[in-house]
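For reference, the chains in residue letters:
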Amino acid sequence: MKPINAISLSVGLLVFVWTFATLGYLEPKVITWITFLTWATFYAAGAGATGLVRSIACGVTGALVSAVVVWINQSIGGSTQGVGLAIFAALLGLLGWALCRISQWALISVIPASFIGAAAFFGAGAPLDARLAWVLVSLVCGSVMGLLSQRLAATFTAASASE
């Protein structure tokens, strides 16, 4: 089987199983759409063990730094209107700067994955309660699904080569 066919089959099968499991049994805890974002960042981060570690590290970093920004914004009276909007916009500007700046470290060097972690946090409603933990769990699950899809595709390729 050609590698593109193997990865297509692997991803298609695992998306089916994962969607059934998460939407049917794990939501609202594990957030399905977030897992798909980090599934993609696994491949963007280079796949394999390194891609797994970097995808998770960047996604979690993006989400946690975003949580700090929201906490600071709330603590100093920022909002999304009037002068508070200027404060929040400035804090988000610092967030964007920080996510790029920290990419000099190999572990968190995949800027798109860090921004996706931040977007997942905000897309989930910017939770500063227990839901933040589920955002982080969802980020990790998506990266693991990326690794599983890569491994399953390799199995398909190897099986067809031995025929």
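Details of the structure are given in the entry above.
Our subject in this report is the structure included herewith.

How each quantity is defined
All residue numbers refer to positions counted from 1 along the written sequence of the respective chain. The predicted origin of the model limits local features to residues at a pLDDT of at least 70 and limits the giving and counting of side-chain atom pairs to 80 or more, whereas totals for whole chains, interfaces and linings rest on all residues. Only hydrogens and water are set aside; all other atoms, that is, all heavy atoms of the structure, feed into the side-chain values. Numbering of helices and strands starts at the N terminus; helices are DSSP runs of H or I of at least 4 residues and strands are runs of E of at least 2. The contact rule is simple, with two residues in contact once any of their heavy atoms fall within 4.5 Å. Orientation is described by lines fitted to C-alpha atoms, with helices fitted over the stretch in contact, and by angles between N-to-C directions that extend from 0 to 180 degrees. Reported orientations rely on four angle classes, namely roughly parallel under 35 degrees, roughly antiparallel over 145, roughly perpendicular from 65 to 115, and oblique for the rest. Here is the rule for handedness: rotate from the far helix to the near one, and if that takes an anticlockwise turn smaller than a right angle the crossing is left-handed, while a clockwise turn gives right-handed. Under the convention adopted here, Pro, Cys and the residues Ala, Val, Leu, Ile, Met, Phe, Trp and Tyr are nonpolar, Asp, Glu, Lys and Arg are charged, and Gly plus all remaining residues are polar.

What follows concerns the environment of Cys 100. Along the chain, Cys 100 turns up in helix H4 (residues 82-101). As a C-alpha pair, Cys 100 and Phe 115 span 15 residues in sequence and 8.9 Å in three-dimensional space. Residue contacts for Cys 100: discarding those within four places in its chain leaves Ile 111 and Phe 115.

Turning our attention to the packing of helix H3 (residues 48-75) against helix H5 (residues 111-123). As a packed pair, H3 and H5 sit with axes 6 Å apart at the nearest point and diverge in direction by 50°. Overall, the two elements H3 and H5 adopt an arrangement that is oblique. Crossing of H3 against H5: the hand is right-handed. Note on element contacts: H5 touches H3 through Ala 113, Ser 114, Gly 117, Ala 118, Phe 121 and Phe 122, opposite Cys 58, Gly 59, Gly 62, Ala 63, Ser 66, Ala 67 and Val 70. A per-class count over the contact of H3 with H5 returns 8 nonpolar, 5 polar and no charged.

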